[in-house]
Amino acid sequence: MRILGGLRVSLVNGKRFNSTSMFVPVHEPALESDCRRLENFLQDKPHILVLTGAGISTESGIPDYRSEGVGLYARSNHKPIQHGDFVKSEATRKRYWARNYVGWPRFSSIAPNVTHYTLARLEREGRISGIVTQNVDRLHGKVGSKEVVELHGSGYDVICIGSQNERGKGCDYRIDRHEFQRILDQLNPAMEDKSTAMRPDGDVELSAEYVEGFRIPACPQCGGNLKPEIVFFGDNVPMPRIEKVVRMIIESDGVLVLGSSLTVFSGYRIVLQAKELGLPVGIVNIGATRGDPKADLKISARCGEVMSNLFQR
């Protein structure tokens, strides 16, 4: 029996493709036995820590970087923004914020999918202890999940990255991204949506000419530069966040990875730490992951198909 999870799908060369999102790679269909195997893995572990990656949000229509054939790396030569470039270059900041400004209405309106809803239900039922997500889309929060750590931050908050004062403390200015959008509206009344494609962090492709006249505000408290509270490539996850994740691992009785290739070390480290503590690790992901050799359970399938019927009997 194949689990459909309420989503329309089509067969491509004998493999199943999720027609609700062009960003889900071609994959084998999930079987009912996959769901039962995952249930057995979770059955006696009420304190499972769940790590989620971009592979669960592709089913909502948010592209990722690495998916075979459909990820950003496969579709273009564009690379993700680097933290150092954003901090040092005014042109880079202008280009990023112009793209993010145009992409924000679409990005912020994207709806959660069956995996997000299932995890929220499992948390309410006491079957999982918490979620660490590598995603910046806040879709877990939209479905009411409570114990969520956004490992790489969130696109829904904007912070100041102004220089530290004489006491070594930086500016603490913070603004909600929706409110920041209204400020950008006022500064750029002539901007229209001429984008071509949304990118994983919510920005879009725009021509250089389109970006040229875009205006971004300085921090109203210190005059510094503003950036989304996202850990860009080349930046480090804040130490307090890492310490909280370590505590969550120690207090868990296993780790379940959903929709992550674990290529980025901040996610893979969670698997390594779990195994160092002798904890079991389960992985559900389309295709191979960096953590497969460490996994006690590996299911190669679309997360939404496997999760949709979990503990529903």
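Preceding block: the structure.
First, a word on what this report is: a plain description of the structure on this page. Small disclaimer: the values here were computed from a predicted structure and weren't measured.

## Looking at the packing of aromatic side chains
Moving on, step 1. Applying the stated criterion across every chain, the model contains nine aromatic pairs.
Moving on, step 2. For the pair Tyr96 and Trp97, a centre-to-centre distance of 5.5 Å together with 75° between the ring planes defines the contact as edge-to-face. Summarising the burial analysis for this pair, Tyr96 and Trp97 share the class buried.
Moving on, step 3. Put simply, the rings of Phe86, Tyr96, Trp97, Phe180 and Phe232 touch in pairs and so form one group of aromatic residues.

## Describing the sheet that holds strand β7 (residues 174-176)
Moving on, step 1. The three strands lie next to each other as β7-β6-β8, forming an open sheet whose pairing is antiparallel. A single partner strand is all that each edge strand has here, and the edge strands are β7 and β8 (226-230). Pairwise comparison of adjacent strand axes, ignoring direction, gives a mean angle of 40° for this sheet.
Moving on, step 2. Bridge count for strand β6 (residues 153-160) against β7 is three bridges, and the pairing is antiparallel. Bridged to Asp157 within β7 is Asp176.

## Focus on the state of the cysteines
Two cysteines whose sulfur atoms are joined by a covalent bond form what is called a disulfide.
Moving on, step 1. Scanning the model with the defined rule gives zero disulfides in all.
Moving on, step 2. Here Cys222 is not disulfide-linked; the sulfur of Cys160 is the nearest cysteine sulfur, at 3.4 Å.
Moving on, step 3. Classification of Cys222 by relative accessible area gives partly exposed; the value is 42%.

## Observations regarding helix α5 (residues 90-109)
Moving on, step 1. For α5, with 20 residues, the first-to-last C-alpha span of 28 Å sits near the 28 Å given by 1.5 Å per residue.
Moving on, step 2. Sitting at the head of α5, Ser89 places a side-chain oxygen 3.4 Å from the backbone nitrogen of Ala91.

About the criteria used
- Residues numbered from 1 in each chain as written.
- Predicted model: local features only at pLDDT ≥ 70, side-chain atom pairs only at ≥ 80, totals over all residues.
- Heavy atoms only, no water.
- Phe/Tyr/Trp six-rings, centres within 6.5 Å; stacked < 30°, edge-to-face > 60°.
- Buried < 20%, exposed > 50% of the residue type's maximum accessible area, 1.4 Å probe, protein only.
- Pairing = 2+ DSSP bridges.
- Helix = DSSP H or I, 4+ residues; strand = E, 2+ residues; numbered from the N terminus.
- Axes fitted to C-alpha atoms, helices over the stretch in contact; angles between N-to-C directions.
- Disulfide = S-S within 2.5 Å.
- Expected span 1.5 Å × (residues − 1).
- Polar contact = N/O pair within 3.5 Å; in protein donor to acceptor, adjacent residues only side chain to side chain.

By themselves, these figures tell us nothing about what the structure is for.
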